[in-house]
Amino acid sequence: MFEEKMPKGFLWGGAVAAHQLEGAWNVDGKGPSVADVMTVGSADQPREITDTVEPGKIYPNHDAIDFYHHYPEDIKMMAEMGFKCFRTSIAWTRIFPKGDEAEPNEKGLEFYDKLFDCCHKYGIEPVITLSHFEIPLHLVHQYGGWRSRKMIDFFTKFAKVCFQRYRDKVKYWMTFNEIDNQSDFNNPFLMATNSGLLFRKGENREAAMYQAAHYEVVASALAVEIGHQINPDFQIGCMINYMPIYPATAKPADQLLAQEAAQRRYWFSDVQANGEYPREVETYLQRKGYRQDITTADRMILREGTVDYVGFSYYSSMTVSADKVGVDELTDLHSAGVPNDNLPKTDWHWEVDPEGLRYGLNWLTDRYHKPLFIVENGMGAYDKVTADGKIHDDYRIDYLRQHISEMEKAVVLDGVDLMGYTPWGCIDLVSAGTGQMDKRYGFIYVDKNDKGEGSLKRSRKDSFYWFQHVIESNGADLDYGVK
Ligand code: P53
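### Section: the environment of lysine 76
Then, number 1: Of note, lysine 76 is situated in helix H2 (residues 67-81).
Then, number 2: Accessibility expressed as a relative area gives 52% for lysine 76, which makes it exposed.
Then, number 3: Placed 46 residues apart in sequence, lysine 76 and tyrosine 122 show a C-alpha to C-alpha distance of 7.6 Å.

### A closer look at the sheet that holds strand S9 (residues 337-338)
Then, number 1: Across the sheet, which stays open at both edges, the three strands sit in the order S6-S8-S9 with mixed pairing between neighbours. The open sheet is flanked by strand S6 (245-247) and S9, the only strands paired with a single partner.
Then, number 2: Of the pairings in the sheet, the one linking strand S8 (residues 318-320) to S9 comprises two bridges and is antiparallel in character. Paired with valine 320 across the strands is glycine 337, a residue of S9.
Then, number 3: In the packing of helix H9 (residues 252-274) onto the sheet, contacts are made with S6 and S8, and the angle to S6 comes to roughly 165 degrees.

### As for the side chain of threonine 39
Then, number 1: Summarising the element assignment, threonine 39 is placed in the loop between helix H1 (18-21) and H2.
Then, number 2: Only 2.9 Å separates the side chain of threonine 39 from the backbone nitrogen of glutamate 48, close enough to count as a polar contact.
Then, number 3: Beyond its immediate sequence surroundings of up to four residues, threonine 39 is in contact with Arg47, Glu48, Thr50, Lys57, Ile58, Tyr59, Pro60 and Thr434.

### Observations regarding the pattern of salt bridges
Then, number 1: Counted by the stated rule, this structure contains 32 salt bridges.
Then, number 2: As a salt-bridge pair, glutamate 260 and arginine 264 come within 3.4 Å of each other at their nearest N and O atoms. Of this pair, glutamate 260 and arginine 264 are both found in helix H9, four residues apart, which corresponds to roughly one turn of the helix. As far as burial versus exposure is concerned, glutamate 260 and arginine 264 are alike and both buried.
Then, number 3: Note that arginine 440 and aspartate 438 form a salt bridge whose closest N and O atoms lie 3.3 Å from each other.
Then, number 4: What makes aspartate 438 partly exposed here is its relative accessible area of 23%.
Then, number 5: Among the charged side chains, a network of salt bridges with common partners joins Asp383, Asp393, Arg396, Asp428, Asp438, Arg440 and Lys461.

Calculation rules
- Residues numbered from 1 in each chain as written.
- Predicted model: local features only at pLDDT ≥ 70, side-chain atom pairs only at ≥ 80, totals over all residues.
- Heavy atoms only, no water.
- Helix = DSSP H or I, 4+ residues; strand = E, 2+ residues; numbered from the N terminus.
- Buried < 20%, exposed > 50% of the residue type's maximum accessible area, 1.4 Å probe, protein only.
- Pairing = 2+ DSSP bridges.
- Contact = heavy atoms within 4.5 Å.
- Axes fitted to C-alpha atoms, helices over the stretch in contact; angles between N-to-C directions.
- Polar contact = N/O pair within 3.5 Å; in protein donor to acceptor, adjacent residues only side chain to side chain.
- Salt bridge = Lys/Arg side-chain N within 4 Å of Asp/Glu carboxyl O.

Interpretation note: all reported values are geometric properties and have no functional meaning in isolation.
As structure tokens, then:
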């Protein structure tokens, strides 16, 4: 147990994303986003991305947990847990239903006014992601998503409208969720969600990714500049999915490969935090002839729009082996990955590595010299409701407890500058990767299953009371109710 507590004002809370919990997919003028044409999958079955909404298929994001109509009750429960902040996103298609309209949709703007007012009523600070896997479907079909430079204008217009409207209600922002997931460019789901890229047959996916991601980092930098003009007190961050990349052995080739893999994965945040492409990635792009459309003006924008903090999600680490992919043959990171036998796995095969979080907090501090914010962490698990209506989720408490403990070492022993901690899916919601409801992360249980059946009734899991004590003690008591 720590004598020292976390810093005063530390932002304890929870994280969600609009499309994964709001539902009301076509209510009050909302247009369809790319998430609205994704079906339900499972641990071993990927989600299908259809052209349009097809009859007979289950699209779990359409209704989700209907947070759109339940938010007063849900925020109240989060306040009961003691949340200091609440991370969600603004569904782009509520504000610009197609994405390329001249004027925003007033009804959509009003919804977030009400939501943010509700948060403030309980002293909860909203933490807002602008683009969290919710690209307007029209922009995907009409412009090819981020293949098009025009997306920079559409996105920055959306960002500006939000910054102006919520100037006095939201202080903490992030531009793109998990922008670096695209280093896994052979994963069609990640490319569709992050960039609205639907691949053509035989296309060079890596080339398409680098060009699209370039437009995104430019749009992100412009948004940072616009935001700071609108309110100099805004804290605007980038957001990456951070995973330590370990060498499989102490062989120098594995070490080199791990370093190279990190360069290919973290150049996104390098650009966003440091204002320029790192040398090795610039050289790689020149060698390959990728990202041909970059202008002098783009480079200026990148330099001027650096972020205030680095937000990141943390779920697991990855391990790479030069026996799989040679050092100079690395393209997509996934292909170099090997299992790490030292680590247990979740039911969805994600490796659990609490110490990797402390390692990461130090690594990111060394690399960026900026405040950090853990905006997602957690473990998807099956929950069982017992006869007395309770959910005894000791496995979830165990996971979070170990991670928070490592986080506290990084802050107290290593001096990392950390703004807050918002575990993922604080209320059960639709999984991004699989579309399932039964892959649960929440402290608050929601009665709904993968087929879309259930009363939507909310109830408190054991972890609810545990996290309440963690927050109440500012991170000093991690043992409440632990046997
Ligand atoms: P789910 C892949 C790898 C790491 C994080 O994920 C990821 C993904 C995408 O599935 O996504 C983030 O729901 C994301 C959230 C997502 C959460 O992690 O697949 O920012 O939207 O729900 C957990 O279990």
